[in-house]
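Listed below, chain by chain, are the residues.
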Amino acid sequence: MIEQGIIDKTNQVFEEFFEIESGRLQPQAHIFTDLGLDSLDIVDLIVALQNKFKIKIRNEEDVQNIRTLQDIYAFIAAVKSREAAKTA
Amino acid sequence: MKLKRVVITGMGAVTPLGHDVPSLMAGIEEGRSAVRYMEGWDQYLGMRSLVGAPAELKDEKKIPRQQRRSMGRMSIFAAQAAAQAVADAQITLSGAPGFRIGCAIGSTMGSAKSINDTFEIMLPKKDLSQLNSTMFFQCMSHTAAVNVAQYLGLNGYVLSTAAACASGLQAIGAGYDLIRLGKQDVMLCGGAEELHPTVTGSFDILFATSANFNKDPQRTPRPFDGDRDGLVCGEGSGVLVLEDRDRALARNARIYAEIVGYSTNGNGVHMSQPNKDAMVRCMQDALQESGIPAGDVDYINAHATGTPQGDCEEAAAVRELFGDAVPISSLKGYLGHTLGASGAIELIASIGMMEQGTIYPTLNLERVDEACGGVRHVLKRERADVDVVLKNCFAFGGINATLVCRKHRSERG
């Protein structure tokens, strides 16, 4: 179960940065075909998520596999839990 | 090869006096100065000039996000001005097969704020990972031209004429030459620039800015005036639709004016000092191309920015060619110096004067400096038949540009 905070903050990035209404931010929404992002936007999505969550994700391999919002939530959750494990 | 004739069929502007051409003309008619004290500029150590003429950024969200993301402030102004010009010309951007439409939009540099923000983010730790993908597109020097082209879907020539204060006029000249040669049918031409403390700062460190009126901003700049002390930076964009005259007549377009002469040159002498002889040569060449004698020019729209040296050098050049026969005024007192946009915005205002049969005075010109004398300064609004306008821009790097326009009258051949 993904922490609600991760869902909310990720959705905030889409609302604020990409000007997408919250009603369209369904977990199964495909970021390219449903939400209309393109290759330039993906670079900015990564920068925005890094700033929002204070994590580094640019060089993570799994970034390449992201297709839906749900994929982003799970990816962020995984990165955060790996970082928590390192500092524990 | 017979050269085509080139006419102006549309105009659009975002300026410190307002968000369109009517508000530009209304502001000048009312004698309004858009110069104000700029809050926060005193944080820049050593900055002498704390005044500027800002334009209002508004309605930017009407530009779809994926087109707007590559636009800094300056490109937004340019896109808005270009869209206004297209609407004014009532021109369809996708014409018949073989219809060729492009743009030439000049600016001194890319978006000043975006450049500033990019380095502020990157430099402290030389960290690239914080940079957005679109920062580069906002910073690159041809940003205004490509953003206008992408926004309007133009797929002809896309030119970016970077020549400081002559950028806008060089863009119009380039478009004129392309249409004359039959290489494009329509060109959207003009300039854009953004106000930012670093832009004023670049003139400030050369002592070229006005620093004596920080507490009384609307009294500066003072072109040709004995108390002038330098330029005041402004911002905005002006775009004109240039069209093959035959095409414009065939579609019954409203034609403002015909461009009848253009020239540009470098003085080959000094990077920042203006040179009267090169200015004279530039105006002569433009007039020669137009076939119009100097005495038949009805109004000269000056470059004069309020710098001690530039204004008197321009006055000397005008005196040599025209004596005191031709009314001359500068619009910098109302608008500040909009740099890359100035040639286009001020040409638009000059065409407005043609339309209104009125010549507007140089704002803040209260006591003509003796060194700027011997020409016919316009000190008060004058009613006049303005048929032929000569527009000058004289830029850093010793770049000069002059454009001659004649009012369109349908009975003319």
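Residues numbered from 1 in each chain as written. Chains lettered and ligands numbered in written order. Predicted model: local features only at pLDDT ≥ 70, side-chain atom pairs only at ≥ 80, totals over all residues.

Focus: the overall build of chain B
Stated precisely, the cut-off is as follows: Think of it this way: any DSSP run of H or I at least four residues long counts as a helix, any run of E at least two long counts as a strand, and we number them from the N terminus. Partly exposed residues are those whose C-beta has more than 12 but fewer than 20 other C-beta atoms within 10 Å; with 20 or more the residue is buried, with 12 or fewer it is exposed, and the C-beta atoms are placed from the backbone. A residue pair is marked as a contact if its C-beta atoms, positioned from the backbone, fall within 7 Å.
Counting its regular elements, chain B contains 13 helices and 15 strands. Principal-axis analysis of the C-alpha atoms places the extent of chain B at approximately 65 × 60 × 40 Å. Across the 413 residues that make up chain B, the buried fraction comes to 56%. The long-range fraction of contacts in chain B, counting pairs at least 24 apart against all pairs at least 6 apart in sequence, stands at 81%.

Overview of the environment of Pro327 of chain B
Residue and element names in this part refer to chain B. For Pro327, the position within the fold is in strand S10 (residues 327–329). On the basis of neighbour count, Pro327 is assigned to the buried category, with 20 C-beta atoms found within 10 Å. Sequence-wise, Pro327 and Val378 are 51 residues apart; in three dimensions their C-alpha atoms are separated by 6.0 Å. Aside from chain neighbours lying at most four places away, what touches Pro327 is Tyr299, Ile359, Arg376, Val378 and Glu382.

Observations regarding the packing of helix H7 (residues 167–180) of chain B against helix H13 (residues 342–356) of chain B
Residues and elements named next belong to chain B. Stated precisely, the cut-off is as follows: To obtain each axis, a line is fitted to C-alpha atoms, and for helices this fit is confined to the stretch in contact; angles are then taken between N-to-C directions over 0 to 180 degrees. Roughly parallel here means an angle under 35 degrees, roughly antiparallel means over 145, roughly perpendicular means 65 to 115, and every remaining angle is called oblique. Polar here means any residue other than Ala, Val, Leu, Ile, Met, Phe, Trp, Tyr, Cys and Pro, which are nonpolar, and Asp, Glu, Lys and Arg, which are charged; Gly is therefore polar.
Axis separation between H7 and H13 bottoms out at 5 Å; the angle between their running directions is 75°. Taken as axis vectors, H7 and H13 run roughly perpendicular relative to one another. Between H7 and H13, the residues in contact are Gly168, Leu169 and Ile172 and Ser342, Gly343, Ala344 and Leu347, respectively. Grouping the constituent residues of the contact of H7 with H13 by class yields four nonpolar, three polar and no charged.

Brief notes about the nonpolar core
Defined as follows: Nonpolar cores are identified as sets of buried Ala, Val, Leu, Ile, Met, Phe, Trp, Tyr and Cys residues joined via C-beta atoms within 7 Å. The split of the chain into domains comes from an automatic or database domain assignment.
In terms of nonpolar packing, the biggest core is built from 130 residues, with Ala78, Val148, Leu240, Leu242 and Ile348 of chain B touching the most fellow members. Top contributing element to this core by residue count: helix H3 (residues 73–89) of chain B, with 10 residues. For this core, the two domains that each supply at least three residues are domain 1 (6–250) and domain 2 (260–407) of chain B. If you look at the next biggest cluster of nonpolar residues, it comprises 11 residues, including Val13, Ile46, Val47 and Leu69 of chain A.

A look at the pairing of strand S6 (residues 186–193) of chain B
Residue and element names in this part refer to chain B. Quick reminder of the rule: One requirement defines pairing of two strands: DSSP has to find at least two bridges between them.
Burial analysis of S6 places eight of its eight residues in the buried class, the great majority of the element. For strand S4 (residues 101–106) and S6, the ladder comprises six bridges, and the chain directions are parallel. Across the sheet, residue Ala104 finds its bridge partner in S6, namely Cys189. Pairing geometry for S6 and strand S7 (residues 236–244), over eight bridges, is antiparallel. Its bridge partner being in S7, Leu188 is matched across the sheet by Val241.

Comments concerning the interface of chain A and chain B
Listed by partner, the interface residues are seven residues for chain A and six residues for chain B. When grouped by side-chain class, the residues that make up the side of chain A that touches chain B number four nonpolar, no polar and three charged.

Examining the sheet that holds strand S5 (residues 158–159) of chain B
All names here are of chain B. Taken in spatial order, the 11 strands line up as S5-S4-S6-S7-S1-S8-S15-S14-S9-S10-S12 in an open sheet, and their pairing is mixed. Each edge of the sheet is formed by a strand with only one pairing partner; in this case those strands are S5 and strand S12 (376–377). Of the pairings in the sheet, the one linking S10 to S12 comprises two bridges and is parallel in character. Directly across from Ile328, in S12, lies its bridge partner His377. Contacts between H3 and the sheet are confined to strand S1 (6–14), S4, S6 and S7, with S1 contributing the most and set at about 135° to the helix.

Some points on H13 of chain B
Residues and elements named next belong to chain B. Stated precisely, the cut-off is as follows: Under the convention used throughout, the expected extent of a helix is 1.5 Å for every residue step, that is, one less than its residue count.
Under the 1.5 Å per step criterion, the end-to-end length of H13 is 21 Å for 15 residues, consistent within 8% with the ideal 21 Å. Burial analysis of H13 places 13 of its 15 residues in the buried class, which makes it a mostly covered element. Looking one or two places after H13, you find Gly357, whose phi comes out positive at around 65°.

Details of unusual backbone geometry
For the peptide bond that leads from Thr220 of chain B to Pro221 of chain B, omega is 0°, which places it in the cis range. Its location among the elements puts Pro221 of chain B in the loop between helix H8 (197–204) and S7. Phi is positive for Glu19 of chain A, close to 55°, though the residue is something other than glycine. Within the fold, Glu19 of chain A resides in the loop between helix H1 (4–16) and helix H2 (39–53). Backbone geometry at Leu339 of chain B places phi at a positive 55°, although glycine is not the residue there.

So, the domain arrangement of chain B
Residues and elements named next belong to chain B. Splitting chain B by domain gives domain 1 (6–250) and domain 2 (260–407). A separation of 20 Å is found between the C-alpha centroids of domain 1 and domain 2. Each side of the interface is counted separately: domain 1 has 60 residues, and domain 2 has 54 residues. Broken down by element, the residue count for the side of domain 1 that touches domain 2 peaks at seven residues, all from H7. Looking at the side of domain 1 that touches domain 2, its residues break down into 30 nonpolar, 22 polar and eight charged.

Describing the pairing of strand S8 (residues 257–266) of chain B
Residues and elements named next belong to chain B. Pairing geometry for S1 and S8, over three bridges, is antiparallel. When the bridges of S8 are listed, Val6 appears paired with Ile259. Across nine bridges, the pairing between S8 and strand S15 (residues 399–407) is antiparallel. Note on S15: the bridge partner recorded for Gly261 is Val404.

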